[in-house]
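# Chain and residue survey
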Amino acid sequence: MSMPVGVRPKSLHLYIRTFGCQMNEYDSLRVRRLLAPLGYETVADIEEADLIFLNTCSVREKAEQKVLSFIGALRRLKERKPHLKIVAAGCVAQQLGGKLLNRFDHLDAVVGTRGVGLIAQVLEKIQKTNGRSVCLPEENPPVPDEDGREMFDSGDLTAPVTVMQGCNNFCTYCIVPYVRGPERSRPAVDILHEIECLEASGVREVLLLGQNVNSYGRGLSEDTTFAGLIRRIAGETGITRIRFTTSHPKDLTDDLMGCFAEVNKLCKHLHLPVQSGSNSVLARMNRRYTASDYIAKVERLRSICPDIALTSDIIVGFPGETEEDFRMTMDLLEKVRFDNLFSFRYSDRPGTKAAGFAEKVDPEIGLQRLIELQAYQAEVTLRKNLAEVGLVREVLIEGSSRASNGQMSGRTTHNRIVNFDASPVLCGKIQQVKITGAYSHSLKGDIVGRVDVYMPGK
Ligand code: SF4
């Protein structure tokens, strides 16, 4: 949809609500960028919106319910503002398609995960015809080649960068391969260019995104691995810090582990989802590793980079999970002692293989297991945080503390949040902070030294 030359578009208000993963966050940024030339300006107050864009998530039942009740609650706003357009995109939209429009007659359009790049055309259609639209392209678009300068507000210090999309793994509980399609990697040259643009505009840390970044490079004409990509980013761009997510344990190579020791810019934190400590559960999940394979990789990683922070995902109550299986998961947790954990109770996701599995675990038993596991992990996380007290860590200052107590906040290379007294002018700088206290979710400290003098683009 093009504007005549010289015509300045009228300012329209876009409200974006993103549910779910960082890939959805990235897609929402793309929508903001694609709609900006049409005069859409993002607002934080939904009441001001002319267009509401909902990026939905169906990875867990709870997330999907949240999305559906959010859409339902928008009916009243639409009644008060009939010109308001409401678009649902993302995984729920991809899965339910036209059924979403049937269920919510105040919804104007449904855009599947492969259709986000077509948002401007969808809007044009519904505005011109005053009708409704379903956009569910079947073909997988290439991984978008974005110009980072247009994606972010000046002042953003950290930014996600998509390196690959889709997944070939088909874990039996997961909807991603169906809604995001097969793996596609983005050429390294495009990624490097985007990161250079981001760095020039003030971004200091990039988060390399993909459903399984460890398999980056498959299908590309150039011979690149994910470890090779990290080395190139570190060597060829001025970015200060590199993080990545998410990794499949079966694809974690020695070469990538070596990066944590060799590449200074790579933050010393790995999120490595294990999901269960029981081999029979892992086999039913189609994870293609055993608990001992996983532990062996962790030991190898820790021998290469002893102080790496390790986080993971666990699903409890997977179909057929016995008390003994659950004990194996608790044993694995004791052996590995993760720095932090994201844990969930299993719920059926329509369209996945596991949804058809018999032997569902009683939800009450699943809940009890989850409570036990989370209580154990909370203690381990707190102990790990307490072990930081007295250490001096390099912290990238990201902004005001969430506690709104006048303090500033930043993160260590190990991805721990630290709050401390500092002038706001230090935002974006890396400082040495001595850790003086630890809580369940954060640390506190005092600045004891400066690490860098930063000039964007240098
Ligand atoms: S690796 Fe498994 S859990 Fe992760 S996106 Fe692919 S199918 Fe889903």
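Higher on the page you've got the structure.
First, a word on scope: everything that follows refers to the structure included in this document. For clarity, every value in this text was computed on a predicted model and none was experimentally measured.

If you tally the helices and strands in the chain, you get 15 helices and 19 strands. Its C-alpha atoms give the chain a radius of gyration of 23 Å, near enough to 23 Å, the size a compact globule of 458 residues would have. The dimensions of the chain, computed from C-alpha atoms along their principal axes, are 60 × 60 × 50 Å. Here the chain, with 458 residues, has 54% of them falling under the buried criterion. Partitioning the intrachain contacts of the chain with sequence separation of at least 6 by distance along the chain shows that 72% fall at a separation of at least 24. Distance between charge centres in the chain, computed from 59 positive and 57 negative side chains, equals 2 Å.

Put simply, helix 10 (residues 226-236) and helix 11 (residues 254-262) touch, their axes get as near as 8 Å, and they point 25° apart. Overall, the two elements helix 10 and helix 11 adopt an arrangement that is roughly parallel. Helix 11 is crossed by helix 10, and the crossing has left-handed handedness. Facing F226, A227, I230 and R231 of helix 10, the residues of helix 11 in contact are D255, L256, C259 and E262. Here the residues of the contact of helix 10 with helix 11 sort into five nonpolar, no polar and three charged.

Pairing analysis gives three bridges linking strand 1 (residues 12-18) to strand 2 (residues 40-42), with the strands arranged parallel. Paired with L14 across the strands is T42, a residue of strand 2. Considered for its hand, the β-α-β crossover made up of strand 1, helix 1 (residues 22-35) and strand 2 is right-handed. Alignment of strand 1 against strand 3 (residues 51-56), held across five bridges, turns out to be parallel. Bridge pairing in strand 3 links Y15 to I52.

The subject of this paragraph is the site of the ligand. For the ligand, the full set of nearby residues is C167, N169, F170, C171, Y173, C174, V176, P177, Q211, H248 and R287. The residue makeup of the shell around the ligand, split by class, is seven nonpolar, three polar and one charged.

Another aspect to go through is the nonpolar core. L208, F226 and F244 are the most contacted members of the largest nonpolar core, which has 68 residues in total. Element by element, the count of residues in this core is highest for helix 10, at six residues. Residue contacts for F244: discarding those within four places in its chain leaves L207, L208, V213, N214, F226, I230, L256, F260, L266 and L270. If you look at the next biggest cluster of nonpolar residues, it comprises 24 residues, including I52, L54, F70 and A88.

Take the environment of G228 next. Along the polypeptide, G228 turns up in helix 10. With a relative accessible area of 22%, G228 lands in the partly exposed category. As for G228 and E388, which are separated by 160 residues in sequence, their C-alpha atoms are 32 Å apart.

Read across the open sheet, the six strands follow the order 2-1-3-4-5-6; overall the sheet is parallel. Sheet topology places strand 2 and strand 6 (133-135) at the edges, where each strand pairs with a single neighbour. Adjacent strand axes in the sheet meet at a mean angle of 20° when their direction is disregarded.

Time to look at the pairing of strand 17 (residues 417-420). Examined bridge by bridge, strand 16 (residues 408-412) and strand 17 share four bridges and lie antiparallel to one another. Bridged to G410 within strand 17 is V418. Between strand 16 and strand 17, which pair antiparallel and follow one another directly, the connecting turn spans four residues, one of which, N415, has a positive phi of 70°. As defined by bridge partners, strand 17 adjoins strand 19 (residues 443-450) across two bridges and the pair is classed as parallel. Within strand 19, the residue paired with V418 across the bridge is L443.

A side chain of one charge can pair with a side chain of the opposite charge if their charged atoms are brought near each other. For the structure on display, the rule yields 27 salt bridges. R231 is paired through a salt bridge with D255; the nearest N and O atoms lie 2.9 Å apart. With R231 in helix 10 and D255 in helix 11, the pair connects residues that are 24 residues apart, well separated along the chain. Relative accessible area serves as the criterion here: at 38%, D255 is assigned to the partly exposed category. Between R232 and E236 there is a salt bridge; the shortest N-O distance is 3.0 Å. Taken as a pair, R232 and E236 lie in helix 10 at a separation of four residues, close to a single helical turn. We classify R232 as partly exposed; its relative accessible area is 30%. One connected set of salt bridges, linked through shared partners, spans E205, R241, R243, E398 and R411.

Next up on the list: a nonpolar patch on the surface. On the surface, L382, L386 and V389 cluster together to form a nonpolar patch covering roughly 210 Å² of accessible area. Along the chain, the position of L382 falls in helix 15 (residues 363-386).

It is worth spelling out the packing of aromatic side chains at this point. The tally for this structure, following the rule as stated, stands at 10 aromatic pairs. Aromatic ring contacts, followed pair by pair, group Y173, F318, Y346 and F357 into a single cluster.

Bringing the side chain of N212 into the picture now. Summarising the element assignment, N212 is placed in the loop between strand 10 (205-209) and helix 10. Owing to a relative accessible area of 0%, N212 belongs among the buried residues under this scheme. Within the structure, N212 has its side chain in polar contact with the backbone nitrogen of H248 (distance 3.1 Å). At 2.8 Å, the side chain of N212 and the side chain of D251 are in polar contact. If sequence neighbours within four positions are ignored, N212 has contacts with M164, N169, E183, T246, S247, H248 and D251.

Either a parallel or an antiparallel arrangement is found when strands of a sheet pair, and the pairing is made through backbone hydrogen bonds. An order of 12-13-14 is seen for the three strands of this open sheet, with the pairing classed as parallel. Two strands in the sheet have a free side with no partner beyond their single neighbour: strand 12 (269-271) and strand 14 (340-345). Between one strand axis and the next, the sheet turns through 10° on average, direction left out of account. Alignment of strand 13 (residues 309-316) against strand 14, held across six bridges, turns out to be parallel. Bridging from a neighbouring strand, V316 pairs with R345 of strand 14. Relative to strand 14, helix 15 is tilted by about 175°, and along the sheet it contacts strand 13 and strand 14.

Parameters and conventions
Within any chain, residue numbers begin from 1 and follow the written order of that chain's sequence. Two thresholds apply to this predicted model, a pLDDT of at least 70 for residue-level local features and 80 or more for giving and counting side-chain atom pairs, whereas whole-chain, interface and lining totals are computed over all residues. Hydrogens are left out, water is left out, and the side-chain values use all remaining heavy atoms of the structure. Only DSSP runs of H or I reaching four residues or more are called helices, and only runs of E reaching two or more are called strands; each is numbered from the N terminus. All radius of gyration figures rest on C-alpha atoms, and the globule criterion is 2.2 Å times the number of residues raised to 0.38. The rule is simple: take the accessible area with a 1.4 Å probe, protein chains only, and divide by the maximum for that residue type; under 20% is buried, over 50% is exposed, in between is partly exposed. Residues are treated as being in contact if the distance between any of their heavy atoms lies within 4.5 Å. Counting rule for charge: Lys and Arg are taken as positive, Asp and Glu as negative, and neither His nor the chain ends is counted. A charged residue contributes its charge at one atom only: NZ of Lys, CZ of Arg, CG of Asp or CD of Glu. A fitted line through C-alpha atoms serves as each axis, taken over the contacting stretch for helices, and the angle formed by two N-to-C directions is quoted from 0 to 180°. To sort the angles, those under 35 degrees are grouped as roughly parallel, those over 145 as roughly antiparallel, those from 65 to 115 as roughly perpendicular, and the leftovers as oblique. Should the near helix be turned anticlockwise from the far one by less than a right angle, the crossing is left-handed, and should it be turned clockwise, the crossing is right-handed. Under the scheme applied here, ten amino acids are nonpolar (Ala, Val, Leu, Ile, Met, Phe, Trp, Tyr, Cys and Pro), four are charged (Asp, Glu, Lys and Arg), and all others, including Gly, are polar. Following DSSP output, two strands are said to pair if at least two bridges run between them. Here, the term right-handed applies to a crossover whose path from the first strand over the helix to the second runs clockwise when the strands point away from the viewer. Throughout, near means a residue has at least one heavy atom within 4 Å of the molecule or strand. Only buried residues count toward a nonpolar core, which is a set of Ala, Val, Leu, Ile, Met, Phe, Trp, Tyr and Cys residues joined through side-chain atoms within 4.5 Å. Criterion for a salt bridge: a side-chain nitrogen of Lys or Arg within 4 Å of a carboxyl oxygen of Asp or Glu. The residues that make up patches have over 30% relative accessible area and no salt bridge, and they are joined within 9 Å when like-charged or within 5 Å when they are Val, Leu, Ile, Met, Phe, Trp or Tyr. The accessible surface values rely on the Shrake-Rupley method and a 1.4 Å probe; as for residues, cover is taken only from the protein chains in view. Each Phe, Tyr or Trp ring (for Trp, its six-membered ring) is paired with any other whose centre lies within 6.5 Å, and the angle between the two planes then decides the class: stacked below 30 degrees, edge-to-face above 60, tilted in between. For the purposes of these results, a polar contact is taken to be a pair of N or O atoms within 3.5 Å, where, inside protein, one atom must be able to donate a hydrogen and its partner to accept one; residues adjacent in sequence count only when each atom of the pair is a side-chain atom.

Coordinates in, geometry out; function isn't part of it.
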